[in-house]
Amino acid sequence: MLGKKILIGVCGGIAAYKITFLIRLLIKEKAFVKVIMTPSAKNFISPLTLSALSKNPVYEKYFDTDDGSWHNHVELALWADMFVIAPATASTIGKMAHGISDNLLLVTYLSARCPVFICPAMDLDMYKHPAIEKNLDILKKNGNTVLAAQDGELASGLVGIGRMQEPEDIFQKIKNFFSASKRLSQKRVLITMGPTQESLDPVRFISNHSTGKMGFEIAKAFLSEGAEVKVVSGPTNISMDNISVTKVRSALEMLQAVQKDFEVYDIIIFAAAVADYRPKEIAPEKIKKNTEEMHITMVKNPDIAAIMGSHKREKQILIGFALETENEIKNAYEKMLKKNLDYIVLNSLKDLGAGFSHDTNKITIIEKTGNTHVFPLKPKEQVAYDIMDFVCKKMDV
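All residue numbers refer to position in the chain's written sequence, counted from 1. The predicted origin of the model limits local features to residues at a pLDDT of at least 70 and limits the giving and counting of side-chain atom pairs to 80 or more, whereas totals for whole chains, interfaces and linings rest on all residues. Neither water nor hydrogens contribute to the side-chain values; these are computed over all heavy atoms in the structure.

Things to note about the overall build of the chain
Selection criterion: Helical segments are the DSSP runs of H or I of at least four residues, strand segments are the runs of E of at least two, and each set is numbered from the N terminus. Only protein chains enter the calculation, and the probe is 1.4 Å; a residue is then buried if its accessible area is under 20% of its type maximum, exposed if over 50%, and partly exposed in between. Two residues qualify as a contact provided that any one of their heavy atoms is within 4.5 Å of a heavy atom in the partner residue. The accessible surface values rely on the Shrake-Rupley method and a 1.4 Å probe; as for residues, cover is taken only from the protein chains in view. Lys and Arg are tallied as positive, Asp and Glu as negative. Neither His nor the chain termini are counted. One atom stands in for each charge, and that atom is NZ of Lys, CZ of Arg, CG of Asp or CD of Glu.
Scanning the chain for helices and strands turns up 13 helices and 22 strands. The principal-axis extents of the C-alpha atoms in the chain amount to approximately 90 × 45 × 35 Å. Within the chain, the proportion of its 397 residues that are buried is 48%. Taking all contacts inside the chain whose residues are at least 6 apart in sequence as the whole, residues at least 24 apart take part in 68%. When the accessible surface of the chain is split by element, carbon and sulfur atoms take 50% of a total near 20000 Å². Taking the 50 positively charged and 46 negatively charged side chains of the chain as two groups, their mean positions are separated by 2 Å.

Structure follows, in structure tokens:
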């Protein structure tokens, strides 16, 4: 579930309160959750509650009456990896089956390209009514998955079939769906991340502003699609639970770690900010501040991406990163060809909110054909999924 984008549509039924439990389960598994409510759903649970749990605004109307901002149903539909409608009432089921779109939830449903799970909840006589059965059959024929109502005590006091499946059961079916459809379950991925530190003496070093955030998010994105992920990380403050990590300090150490078993990886992503130079000699003792100037002789570090590019095997995909300040596309493209990479991800320090130390980034992916794919400024976790999705499409998985 890591990184999966789940859109939940809540309708006006007493079972709406159970959605709080489903959201918590999804968030606990590191999924992203957004919620749409029908107007009547607010009679059963507050938007504030669902917003607090999902950590996102809750969508109820086509636009905000205070500032006029539009809630784009197409963007919501395309954002989602899955649309879960729970509880799905008789009214909403009927409208979905016949293409009626009189609220935000319904127009979003009609725009959705992702899998849709429908969780009916209503009284037993309603659920057994031929009209409901026909509508559910239409939805199934249209490619939706209907999680059939269960037998149990209903809000009316009657006992019978009509009770929405429990949040734990819905969650497990969502999880099973994604487990069975992971695109990279047979692939091995190696990612470098973070800065390197090149020692001057026992207490000082030369480094850069890289935090490793982008590489870490890329690792999570590929892990979420079932890949076996290995990370070679320079010094960072990031906790990387559940990810295999080799920690290194210098460029030479990073090269040695990358060379180990390099040939077994299907995808290698060079996201680390490796120092271009290192001191020719490391002072054995702390350098004293005895002179007005200090001169240090530097020698070039190995170009890890270029070295590994020269050993690239057939069908292996190598992706580099380029941080440029001038002639950005041209310089990044030339760097990709020189290093024998398949693709290069261009960052620009000219873009506000992109680059080092930010939680957001703005990238352009460049191909050997010269084709460029420009992405807007986004949180780094979403940028990582754009990169992963691009790779999957190029691999046709």
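So, next bit.
Comments concerning the sheet that holds strand β6 (residues 145–146)
Think of a sheet as strands paired side by side through backbone hydrogen bonds, with each pair either parallel or antiparallel. Our working definition: By this definition, two strands are paired if DSSP reports at least two bridges between them. Axes here mean lines fitted to C-alpha atoms, for a helix over just the part in contact, with angles spanning 0 to 180 degrees between N-to-C directions.
Strand order across the open sheet formed by six strands is β3-β2-β1-β4-β5-β6, with parallel pairing between neighbours. Unpaired on one side and paired on the other, β3 (58–59) and β6 mark the two borders of the sheet. Helix-sheet contacts for helix α1 (residues 19–28) involve β1 (5–10), β2 (32–37) and β4 (82–88), and the interaxial angle to β1 is about 175 degrees.

Overview of the pairing of β1
Summarising burial for β1: five of the six residues are buried, a large majority. Pairing geometry for β1 and β2, over six bridges, is parallel. Note on β2: the bridge partner recorded for L7 is K34. In terms of strand pairing, β1 meets β4 through four bridges, oriented parallel. Following the sheet pairing, I6 is matched in β4 by M82.

Let's talk about helix α5 (residues 104–111)
Selection rule: Counted as a polar contact is a pair of N or O atoms within 3.5 Å, where, for protein atoms, one must be capable of donating a hydrogen and the other of accepting one, and residues adjacent in sequence contribute only when both atoms are in side chains.
With six of its eight residues buried, α5 lies for the most part within the structure. Buried within α5 are the following residues: L104, L105, L106, V107, T108 and Y109. Between the side-chain oxygen at the start of α5 and the backbone nitrogen of L105 there is a gap of 3.1 Å, and the oxygen is on N103.

Remarks on the layout of surface pockets
Rules: Points on a 1 Å grid over protein atoms alone make up a cavity when a 1.4 Å probe fits among them but cannot get out, and a pocket when they form an open set with protein on both sides within 12 Å along at least five of seven lines; lining residues each have an atom within 4 Å of a point. Grid points are joined across faces, edges and corners, and a volume is the space filled by probe spheres set on the points. For this classification, Asp, Glu, Lys and Arg are treated as charged, while Ala, Val, Leu, Ile, Met, Phe, Trp, Tyr, Cys and Pro are nonpolar and the rest, including Gly, are polar.
Quantified by volume, the largest pocket comes out at close to 1200 Å³. Along its surface, the largest pocket is lined by 43 residues, and A272, V274, D276, F321 and K335 are the ones closest to its centre. Sorting the residues of the lining of the largest pocket by element identifies β9 (188–193), α9 (213–224), α11 (304–309), β17 (317–324), α12 (328–338) and β18 (343–348) as the ones contributing at least two each. Here the lining of the largest pocket takes five residues from β17, the largest share from any one element. Residue composition of the lining of the largest pocket, by class: 19 nonpolar, 14 polar and ten charged. Empty space within the second largest pocket amounts to approximately 850 Å³. Forming the walls of the second largest pocket are 28 residues, and the residues nearest its centre are K5, W79, D81, R183 and D389. For the lining of the second largest pocket, the element with the most residues is helix α13 (residues 380–395), which contributes seven residues.

Some remarks on the side chain of T38
As for its placement among the helices and strands, T38 is situated in the loop between β2 and α2 (47–54). Sequence-distant contacts of T38, defined by excluding residues within four places in its chain, comprise V10, C11, G12, T92, N103 and L105.

Focus: the packing of aromatic side chains
Quick note on the threshold: For Phe, Tyr and Trp, rings pair up if their centres lie within 6.5 Å, where Trp contributes its six-membered ring, and each pair is then called stacked (planes under 30 degrees apart), edge-to-face (over 60) or tilted (otherwise).
As enumerated under the stated definition, the model contains four aromatic pairs in all. Plain terms: the ring middles of F177 and F178 are 5.4 Å apart, the flat faces sit at 80 degrees to each other, and that makes the pair edge-to-face. On the basis of relative accessible area, F177 is assigned to the partly exposed category, the value being 30%. Between the aromatic rings of Y343 and F390, the centroid separation amounts to 5.1 Å while the plane-to-plane angle is 85 degrees, which identifies the pairing as edge-to-face. Placement of the pair is Y343 in strand β18 and F390 in helix α13, with a sequence separation of 47 residues. The residues Y343 and F390 share a single accessibility class, namely buried. Within the aromatic cluster, the residues linked to one another by ring pairs are F117, F177 and F178.

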